Amino acid sequence: MITGEAPEREKRWAYPCSVCLVGVGANAIMCTKCLQWCHKRCSKVKGTLKSVASTFICPVCTTSKQETPRQTNMNIDCSDLEIVSEFQYLGDLLSCRGDVDTAVRNRIKASWANWHVLAGTMMRRDIPIKLRLSLYQSVIRSSMLYGAESWPMTQTLEQQLRRADMKMIRWIYRLNPIDRRSSTDLLQVSGLCDISQLLRQHRLRWFGHVKRSSDPLINEIMTLEADGKKGRGRPRKTWYQTIHEDLRLFNLLEDDALNRLKWKHVISQTPVRGKY
């Protein structure tokens, strides 16, 4: 089973553009074929939109006239492999798009599934809060961050993880929104560190193992850049770029990973933005 073409993107707007799927505003035109709105910048219309409003056909409908059927199977070394858009390997969800959005949502769902199994235990007042937090750290948080060592995280994905994490912690303390307890105070009282700090520790711990590896091929793959022409727009954030951001926060260099004791001590501390 191998990854193939990406599936259709999820529509997150009430009136999305038929081309970029971002919500449209006043400067938009409706396609006469699919009856979907389209931004002027995506419509390829020169001049005013009113002049072509009655006959406008969006670029999606124009290019979809000669659609070719998607390939569903591929034969490699006399083995027939199915082409899929995503598949699960060792608990981590791999996508043909190269991002980790689906994997993060999948791990959040897995952590909520574990939470529903242990919710009765987590909210029992006769069990010490320290024991419940230890159980939460070892069972639910570990399932949420499974495979996080290889995630090139963005701020949006970190917010999704932090939102789910703090919601469960508030359930443990039986807090309501009207209690007005900030997340920072709640983490200080519970003794738990922020989920973003755990993510950095997991990534840097794995980076240290890779850097100290005796196999030079692993380090070559880590810094490998694909040949070919780059597409328009900002390139997708890579795992190696995320690692460099973490190194700047911890005031570390890549060669510091060769000293295992120092590396382990530094990444276990709260990061402070450094000069590198």
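Structural data are supplied above this passage.
Residues numbered from 1 in each chain as written. Predicted model: local features only at pLDDT ≥ 70, side-chain atom pairs only at ≥ 80, totals over all residues. Heavy atoms only, no water.

1. As for the overall build of the protein
Rule in force here: A run of H or I in DSSP counts as a helix once it spans at least four residues, and a run of E counts as a strand once it spans at least two, with each numbered from the N terminus. Only protein chains enter the calculation, and the probe is 1.4 Å; a residue is then buried if its accessible area is under 20% of its type maximum, exposed if over 50%, and partly exposed in between. All accessible areas in this document rest on Shrake-Rupley with a 1.4 Å probe, and a residue is counted as covered only by the protein chains that are shown.
For the protein, the helix and strand inventory stands at 10 helices and seven strands. The buried share of the protein, taken over its 276 residues, is 33%. Accessible surface, the protein as shown: approximately 18500 Å² in total, 53% of it carbon and sulfur.

2. Here's the deal with the packing of helix H3 (residues 101–122) against helix H5 (residues 155–172)
The following threshold applies: Here, axes are lines fitted to C-alpha atoms. For helices the fit covers the stretch in contact, and angles between N-to-C directions go from 0 to 180 degrees. For this classification, under 35 degrees means roughly parallel, over 145 means roughly antiparallel, 65 to 115 means roughly perpendicular, and everything else is oblique. Contact definition: two residues touch when any of their heavy atoms are within 4.5 Å. Ten residues, namely Ala, Val, Leu, Ile, Met, Phe, Trp, Tyr, Cys and Pro, are considered nonpolar, four, namely Asp, Glu, Lys and Arg, are considered charged, and the remaining ones, Gly among them, are considered polar.
Following both chains from N to C, one finds H3 and H5 inclined at 5°, their axes separated by 11 Å at the closest point. By the angle between their axes, H3 is roughly parallel relative to H5. Listed contacts from H5 to Asp101, Val104, Arg105, Ile108, Ser111, Trp112, Trp115 and Met122 of H3 are Leu157, Gln160, Leu161, Ala164, Lys167, Met168, Trp171 and Ile172. Of the residues assigned to the contact of H3 with H5, the class counts are 11 nonpolar, two polar and three charged.

3. Some words on H3
Note the threshold: Note that bend, as reported per residue, equals the angle between axes fitted to the 7 residues terminating at that residue and the 7 residues originating from it.
A maximum bend of about 45° is found in H3 at His116. Those residues of H3 that fall on the buried side of the exposure criterion are Thr102, Ala103, Val104, Arg107, Ile108, Ser111, Trp115, Leu118, Ala119 and Met122. Where the residues of H3 are buried, they touch strand E6 (86–89), strand E7 (92–95), helix H4 (129–144) and H5.

4. A look at a nonpolar patch on the surface
Note the threshold: Here a patch means residues that are over 30% exposed by relative accessible area and free of salt bridges, tied together within 9 Å if like-charged and within 5 Å if nonpolar (Val, Leu, Ile, Met, Phe, Trp, Tyr). Salt bridges are defined by distance alone: a side-chain nitrogen of Lys or Arg within 4 Å of a carboxyl oxygen of Asp or Glu.
Together, Tyr15, Met30, Leu35 and Trp37 make up a nonpolar patch on the protein surface, roughly 420 Å² of accessible area in all. Looking at the secondary structure, you find Tyr15 in the loop between strand E1 (2–3) and strand E2 (28–30).

5. Things to note about unusual backbone geometry
Phi is positive for Leu35, close to 60°, though the residue is something other than glycine. With respect to the helices and strands, Leu35 occurs in the loop between E2 and strand E3 (37–39). We note that Asn251 has phi near 55°; this positive angle belongs to a residue other than glycine. Mapped onto the secondary structure, Asn251 falls in the loop between helix H9 (239–249) and helix H10 (260–267).

6. Structural notes on the packing of H3 against H4
For the record, the criterion: Each helix crossing is assigned a hand: it is left-handed if the near helix lies turned anticlockwise from the far helix by less than a right angle, otherwise right-handed if that turn is clockwise.
In contact at an axis separation of 8 Å, H3 and H4 are set at 160° when each is read in the N-to-C sense. By the angle between their axes, H3 is roughly antiparallel relative to H4. The hand of the H3/H4 crossing is right-handed. On H4, the residues touching Arg107, Ala110, Ser111, Asn114, Trp115, Leu118, Thr121 and Met122 of H3 are Arg132, Leu135, Tyr136, Val139, Ile140, Ser143 and Met144. In terms of residue class, the contact of H3 with H4 is made up of nine nonpolar, four polar and two charged.

7. Comments concerning H4
Residue pairs spaced three or four apart in an α-helix point in one direction, given the helix's 3.6 residues per turn. The sharpest bend along H4 measures roughly 35° and falls at Gln137. For H4, the complete set of buried residues consists of Arg132, Leu133, Tyr136, Ile140, Arg141, Ser143 and Met144. Packing partners of the buried residues in H4 comprise H3, H5, helix H6 (183–190) and helix H7 (195–211).

8. Structural notes on the pattern of salt bridges
Taken as a whole and assessed by the stated rule, the structure comprises nine salt bridges. The partner of Lys262 in a salt bridge is Asp256, and the shortest N-O contact between them spans 3.7 Å. On the basis of relative accessible area, Lys262 is assigned to the partly exposed category, the value being 39%. Among the charged side chains, a network of salt bridges with common partners joins Glu158, Arg162 and Asp194.

9. What about the side chain of Ser196?
Condition: Polar contacts, as used here, are pairs of N or O atoms within 3.5 Å; protein pairs need one atom able to donate a hydrogen and one able to accept it. Residues neighboring in sequence count only if both atoms are side-chain atoms.
Structurally, the position occupied by Ser196 is in helix H7. Taking the relative accessible area as the measure of exposure, Ser196 reaches 2% and is therefore buried. At 3.2 Å, the side chain of Ser196 and the side chain of Glu158 are in polar contact. If we skip the residues at most four places from it in the chain, Ser196 touches Glu158 and Arg162.

10. What to know about the layout of surface pockets
Note the following rule: We place a 1 Å grid over just the protein atoms. Points where a 1.4 Å probe fits but has no way out form a cavity, open points with protein on both sides within 12 Å along at least 5 of 7 lines form a pocket, and any residue with an atom within 4 Å of a point lines it. Grid points are joined across faces, edges and corners, and a volume is the space filled by probe spheres set on the points.
Of the pockets and cavities examined, the largest pocket occupies roughly 1300 Å³. Forming the boundary of the largest pocket are 41 residues, of which Arg236, Lys237, Thr238, Trp239 and Tyr240 lie nearest the centre. Among the elements of the structure, E7, H7, helix H8 (216–222) and H9 are those that each provide at least two residues to the lining of the largest pocket. In terms of residue class, the lining of the largest pocket is built from 18 nonpolar, 12 polar and 11 charged.

11. Description of the pairing of E6
The condition is simple: For two strands to pair, DSSP has to find at least two bridges joining them.
One ladder, built from four bridges, connects E6 with E7; its direction is antiparallel. The residue of E7 that forms the bridge with Tyr89 is Asp92. The hairpin turn running from E6 into E7, its antiparallel successor, is two residues long, and Leu90 in that turn takes a positive phi close to 55°.

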